[in-house]
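Chain residues, written in single-letter form:
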Amino acid sequence: MGKLLEKLKVSKVLSSDGAWGTLLQAKGLKPGECPESWNLDHPDEVTDIAALYIKAGADMVETNSFGGSIFKLSHYGLEQKVTEINRLAAELSRKAAGREKFVLGSIGPTGKILMMGEVSEKELYEAFCEQSKALASGGADAIVVETMSDLDEARIAVKAAHENTSCEVICTMTFEKTVNGEYRTMMGVSPAEMVPVVKDAGADIIGANCGNGIEGMIHIVREIRIVDPDIPVLVHANAGLPRYDEGKAVFPESPEEMASYVPSLVGAGANIIGGCCGTTPDHIRLICDALKMYR
Ligand SMILES: [Zn+2]
């Protein structure tokens, strides 16, 4: 059993970090600039973001590598730097996390659609293998495959991380509420459908990230718990459904509002709670406070 699962056995619930993009933008990341290039050009700023979340009380921090696959980095002419950028991502978060806290190596979607034949399963596997090996070599404890909407892509990413690293593997997909009141990914996958597929591919921890806000996560966690009472569940919720103000996303949920849902989320069966788009160190601080009574 890996370190993170061991810790979960003892603590039952853990906290995770919040949004990275929002903080990178606050530090000067420009529209159209490659966020992951900051690992090369502004390493101290990247470490500082991880440090802000650790200081807020998070038990784990992600890495600045969400778009670190060769498919994403090649948009910026960085296809030769995949290994370096991902290794650095893990090293920079590790610097902030120290030995006591966990580093989750972030892997997001490639943007290539299998179903449309834009990419083959083998190409996807190789890309995720390269990225996860680099994150592991930089010291990630776990790999978090996140914001997935295609179950095949999620499965391949989990499999690649599981087969090519000794890291624990987390997989979260992004579900949105449909007009029928059900939760589905953009590609139509339900939480219940996700569970057996990503578990079979090697996921140790599963869950949901991004989406419409923290309240919907309660339903998603319940649906996961119906099909699997035991697997640890991670939730990285957005700070609500964004409104667009002159093209800029504004997230409505305050730290207090998000933290008020923590008891219901834990009651539904969530084990790790953190944030996604629009969440800040203040959101994480209050979520950590709300989690204290369960540990
Ligand atoms: Zn998000």
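Let's shift gears to the coordination of the zinc ion. At this site the zinc ion is bound by C210 (SG), N238 (OD1), C276 (SG) and C277 (SG), with donor distances of 2.1 to 2.7 Å. Site description for the zinc ion: donor spacing in sequence, C-x27-N-x37-C-C. Pair noted here: N238 is in the loop between β9 (233–237) and β10 (243–245) and C277 is in the loop between β12 (272–275) and α13 (281–291), with a separation of 39 residues, a long-range link. The class of C277 is partly exposed, set by a relative accessible area of 29%.

Taken together, the side chains of I113, M115, M116, M186 and M187 define a hydrophobic patch exposed on the protein surface, amounting to about 600 Å² of accessible area. Take M115: it is sitting in the loop between β3 (102–107) and α7 (121–137). Given a relative accessible area of 70%, M115 falls into the exposed group.

This part covers the packing of helix α9 (residues 191–201) against helix α10 (residues 214–227). Relative orientation of the contacting elements α9 and α10 amounts to 50°, with a least axis distance of 8 Å. By the angle between their axes, α9 is oblique relative to α10. Helix-helix and strand crossings are classified by hand; for α9 and α10 the assignment is right-handed. Of α10, the residues touching α9 (which contributes P191, A192, M194 and V195) are I220, E223, I224 and V227.

Below, the discussion takes up the sheet that holds strand β4 (residues 142–148). The sheet built from 8 strands is open, its strands ordered β1-β12-β9-β8-β5-β4-β3-β2 with parallel pairing. Only two strands of the sheet have a single neighbouring strand rather than two, namely β1 (14–15) and β2 (60–62). As defined by bridge partners, β1 adjoins β12 across 2 bridges and the pair is classed as parallel. Within β12, the residue paired with L14 across the bridge is I272.

This brings us to the side chain of D17. Relative to the helices and strands, D17 resides in the loop between β1 and α2 (21–26). Of the side chains with opposite charge, K101 lies nearest to the buried D17, which makes no salt bridge, at 12 Å. One polar contact links D17 to W20, side chain to side chain, over a distance of 2.8 Å. Aside from chain neighbours lying at most four places away, what touches D17 is Y53, A58, M60, V61, E62, H236, G274, G275 and I284.

Under the defined criterion, the tally for this structure stands at 15 salt bridges. Here K159 makes a salt bridge to E163, at a shortest N to O gap of 3.2 Å. Note that K159 and E163 are positioned in helix α8 (residues 151–164) at a spacing of 4 residues, about one turn of the helix. Judged by its relative accessible area of 44%, E163 is partly exposed.

What follows deals with unusual backbone geometry. One non-glycine residue with positive phi stands out, namely K12, at about 70°. Tracing the sequence through the fold places K12 in the loop between α1 (3–11) and β1. Of note in this structure, T147 is not a glycine but carries a positive phi near 60°. Within the element layout of this structure, T147 appears in strand β4.

Next up on the list: the nonpolar core. M194 and L265 are the most contacted members of the largest nonpolar core, which totals 79 residues. For this core, the element with the most residues is α8, which contributes 7 residues. Sequence-distant contacts of L265, that is, excluding residues within four places in its chain, are made with I214, M217, I218, V221, V235, A270 and I273.

Moving on: α10. The end-to-end C-alpha distance of α10 is 21 Å, a good match for the 20 Å that 14 residues give at a rise of 1.5 Å each. What α10 keeps buried is the set I214, G216, M217, I218, I220, V221, I224 and R225. Buried residues belonging to α10 abut β7 (183–184), α9, β8 (205–210), β9, α11 (255–260) and α12 (262–268).

Okay, the environment of R243 next. Tracing the backbone through its elements, the reader meets R243 in strand β10. Between the C-alpha atom of R243 and that of K55, which follows or precedes it by 188 residues, the distance is 29 Å.

Turning to the side chain of E153, a few remarks are in order. Within the fold, E153 resides in helix α8. Among buried charged residues, E153 stands out as having no salt bridge; its nearest opposite-charge side chain is K72, 8.4 Å away.

The next point concerns the packing of helix α6 (residues 82–97) against α7. Remark: α6 packs on α7, axes separated minimally by 7 Å, with the N-to-C direction vectors making an angle of 40°. As judged from the angle between their axes, α6 and α7 are oblique. Once α6 is placed against α7, the crossing between them reads as right-handed. Residues V82, T83, N86, R87, A89 and A90 of α6 form the contact with α7, whose own contacting residues are E130, Q131, A134, L135 and S137.

Procedures and definitions
Residues numbered from 1 in each chain as written. Predicted model: local features only at pLDDT ≥ 70, side-chain atom pairs only at ≥ 80, totals over all residues. Heavy atoms only, no water. Donors = N, O, S within 2.8 Å, 3.2 Å for Na, K, Ca; no water. Helix = DSSP H or I, 4+ residues; strand = E, 2+ residues; numbered from the N terminus. Buried < 20%, exposed > 50% of the residue type's maximum accessible area, 1.4 Å probe, protein only. Patch = residues over 30% accessible without salt bridge, like charges linked within 9 Å, V, L, I, M, F, W, Y side chains within 5 Å. Areas by Shrake-Rupley, 256 points an atom, 1.4 Å probe, with all protein chains shown as cover. Salt bridge = Lys/Arg side-chain N within 4 Å of Asp/Glu carboxyl O. Axes fitted to C-alpha atoms, helices over the stretch in contact; angles between N-to-C directions. Parallel < 35°, antiparallel > 145°, perpendicular 65-115°, else oblique. Left-handed = near helix turned anticlockwise from the far one by under 90°. Contact = heavy atoms within 4.5 Å. Pairing = 2+ DSSP bridges. Lys, Arg positive; Asp, Glu negative; His and termini not counted. Polar contact = N/O pair within 3.5 Å; in protein donor to acceptor, adjacent residues only side chain to side chain. Core = buried A, V, L, I, M, F, W, Y, C linked by side-chain atoms within 4.5 Å. Expected span 1.5 Å × (residues − 1).

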